[in-house]
Amino acid sequence: MQPAIHPRPDTATSVPRAVLGLAAVYALAWSIVPALVAPGFPLDVVESLTWGREWEWGYYKHPPLAPWVLYAFYRGRVGPYLLSQVCIATTLWLVWLTGRRLMTRDRAWLGAALTMGTIFLTRPALEFNHNVAQLPLWAGIGWACLAALQEGRLRHWLWLGLLAGLGSDLKFVFITSAIELKAGDAPSVSASASKDVKCERCWHYEPDVGQHAEHPTLCGRCIGNLYGAGETRTIA
């Protein structure tokens, strides 16, 4: 049985030139002005650029996709800010496409405009990070899922799987500080909150945080990497 979700009769998907022009001016302003007036990149941008230049398959805090894209997009001071606006523009376009499948054209435009009220689409977007990178994928997953349910075409299901897979490479659901394996009669899994203190650099909960007088908020591993010889490792 097909789901009772049907497209509206008005199926035009062209974008008015005036809207495209206004969006282009908005995106360029938010890309160029911060690059001219900001003394440096936000911390998340610096962190991701440091990761992305290594082209590794995983990092201690996040999956690799967003740092890779950021580093590939990095061309001078404008690049990271422009990348955020590309993510926002893609998100709004996908929201509009989704709305076009459920309502009239004017209401779809209103829905896309109201989406700009989402906090990550405004000032925080100046700091490209994994939250900003997720926006177009979440919007794309919604569009692909609705299109697949409405039309049942293989290409929409493929888009849904691809976007969902890429999303899993953008941000970890949670960080596990420690895993303990115990022998037992049957397989089981349990989870509990760590009793240790969170290191402000790596976000791991380690028992030695607070035991170093000169750096009371860092774990021993981070202190060694920042102020010592560092550690030998094969991944970040």
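Residues numbered from 1 in each chain as written. Predicted model: local features only at pLDDT ≥ 70, side-chain atom pairs only at ≥ 80, totals over all residues. Heavy atoms only, no water.

## Here we look at the overall build of the chain
Then comes step 1: What the chain contains, in helices and strands, is eight helices and two strands.
Then comes step 2: Ordered by position from the N terminus, the helices and strands of the chain form the series α-α-α-α-α-α-α-β-β-α.
Then comes step 3: Within the chain, the proportion of its 236 residues that are buried is 31%.
Then comes step 4: Here the chain displays about 15200 Å² of accessible surface, and carbon together with sulfur accounts for 63% of that area. (Helix = DSSP H or I, 4+ residues; strand = E, 2+ residues; numbered from the N terminus. Buried < 20%, exposed > 50% of the residue type's maximum accessible area, 1.4 Å probe, protein only. Areas by Shrake-Rupley, 256 points an atom, 1.4 Å probe, with all protein chains shown as cover.)

## Quick word on the nonpolar core
Then comes step 1: Formed by 26 residues in total, the largest nonpolar core has its most connected members in Val 45, Leu 70 and Phe 128.
Then comes step 2: It is helix 6 (residues 130-151) that provides the largest number of residues to this core, a total of eight residues.
Then comes step 3: Apart from the residues lying within four places of it in its own chain, the contact partners of Phe 128 are Asp 44, Val 45, Ala 66, Leu 70, Pro 80, Leu 83, Ser 84, Cys 87 and Ala 133.
Then comes step 4: In terms of nonpolar packing, the next biggest core, distinct from the first, is built from eleven residues, Trp 51, Cys 199, Val 209 and Leu 218 among them. (Core = buried A, V, L, I, M, F, W, Y, C linked by side-chain atoms within 4.5 Å. Contact = heavy atoms within 4.5 Å.)

## Notes on the pattern of salt bridges
Then comes step 1: With the rule as written, the count across this model stands at three salt bridges.
Then comes step 2: Between Glu 54 and Arg 53 there is a salt bridge, and its shortest N-O distance comes to 3.1 Å.
Then comes step 3: Assessed through its relative accessible area of 41%, Glu 54 is described here as partly exposed.
Then comes step 4: A salt bridge links Glu 151 to Arg 101; the nearest nitrogen and oxygen atoms lie 2.7 Å apart. With Glu 151 in helix 6 and Arg 101 in the loop between helix 4 (78-100) and helix 5 (105-115), the pair connects residues that are 50 residues apart, well separated along the chain.
Then comes step 5: When its relative accessible area of 33% is taken as the criterion, Glu 151 is described as partly exposed.
Then comes step 6: Arg 101 sits in the buried class, given a relative accessible area of 14%.
Then comes step 7: Linked by salt bridges that have partners in common, Arg 101, Glu 151 and Arg 153 make up one network. (Salt bridge = Lys/Arg side-chain N within 4 Å of Asp/Glu carboxyl O.)

## Some details on helix 5
Then comes step 1: Those residues of helix 5 lying buried are Arg 105, Ala 108, Ala 112 and Thr 115. One side of helix 5 carries all its buried residues, which in axial view fall inside an arc of 75 degrees. Turned more than 90 degrees off the buried face of helix 5, the exposed positions are Asp 106, Arg 107, Leu 110 and Leu 114.
Then comes step 2: Its buried side turned inward, helix 5 meets helix 4. (Arc of directions from axis to C-beta.)

## Side note on the packing of aromatic side chains
Then comes step 1: This structure, assessed with the given rule, holds six aromatic pairs.
Then comes step 2: Plain terms: the ring middles of Trp 96 and Trp 109 are 4.7 Å apart, the flat faces sit at 25 degrees to each other, and that makes the pair stacked. In this pair, Trp 96 is assigned in helix 4 and Trp 109 in helix 5, connecting sequence segments 13 residues apart.
Then comes step 3: Given a relative accessible area of 1%, Trp 96 falls into the buried group.
Then comes step 4: On the basis of relative accessible area, Trp 109 is assigned to the partly exposed category, the value being 22%.
Then comes step 5: Through a chain of ring-to-ring contacts, three or more aromatic side chains come together here, namely Phe 41, Tyr 74 and Tyr 81.
Then comes step 6: The lysine or arginine in question, Arg 77, covers the ring of Phe 41, its NZ or CZ lying 5.7 Å from the ring centre.
Then comes step 7: Over the ring of Trp 203 we find Lys 198; its NZ or CZ atom is 4.4 Å from the centre of that ring. (Phe/Tyr/Trp six-rings, centres within 6.5 Å; stacked < 30°, edge-to-face > 60°. Lys NZ or Arg CZ within 6 Å of the ring centre and 35° of its normal.)

## So, a nonpolar patch on the surface
Then comes step 1: Together, Leu 28, Ile 32, Val 33, Leu 36, Val 37 and Val 78 line one region of the surface with nonpolar side chains, adding up to about 550 Å² of accessible area.
Then comes step 2: It is helix 1 (residues 17-37) that contributes the most residues to the nonpolar patch, five residues altogether.
Then comes step 3: By the element assignment, Val 78 lies in helix 4.
Then comes step 4: Its relative accessible area of 32% is what places Val 78 among the partly exposed residues. (Patch = residues over 30% accessible without salt bridge, like charges linked within 9 Å, V, L, I, M, F, W, Y side chains within 5 Å.)

## Topic: unusual backbone geometry
Then comes step 1: Of note in this structure, Trp 55 is not a glycine but carries a positive phi near 50 degrees.
Then comes step 2: Its location among the elements puts Trp 55 in the loop between helix 2 (43-52) and helix 3 (65-73).
Then comes step 3: Its identity is not glycine, yet Trp 203 carries a phi of approximately 70 degrees, on the positive side.
Then comes step 4: Along the polypeptide, Trp 203 turns up in the loop between strand 1 (197-198) and strand 2 (205-206).
Then comes step 5: Residue Trp 203 is classed as partly exposed on the basis of its relative accessible area, which comes to 37%.

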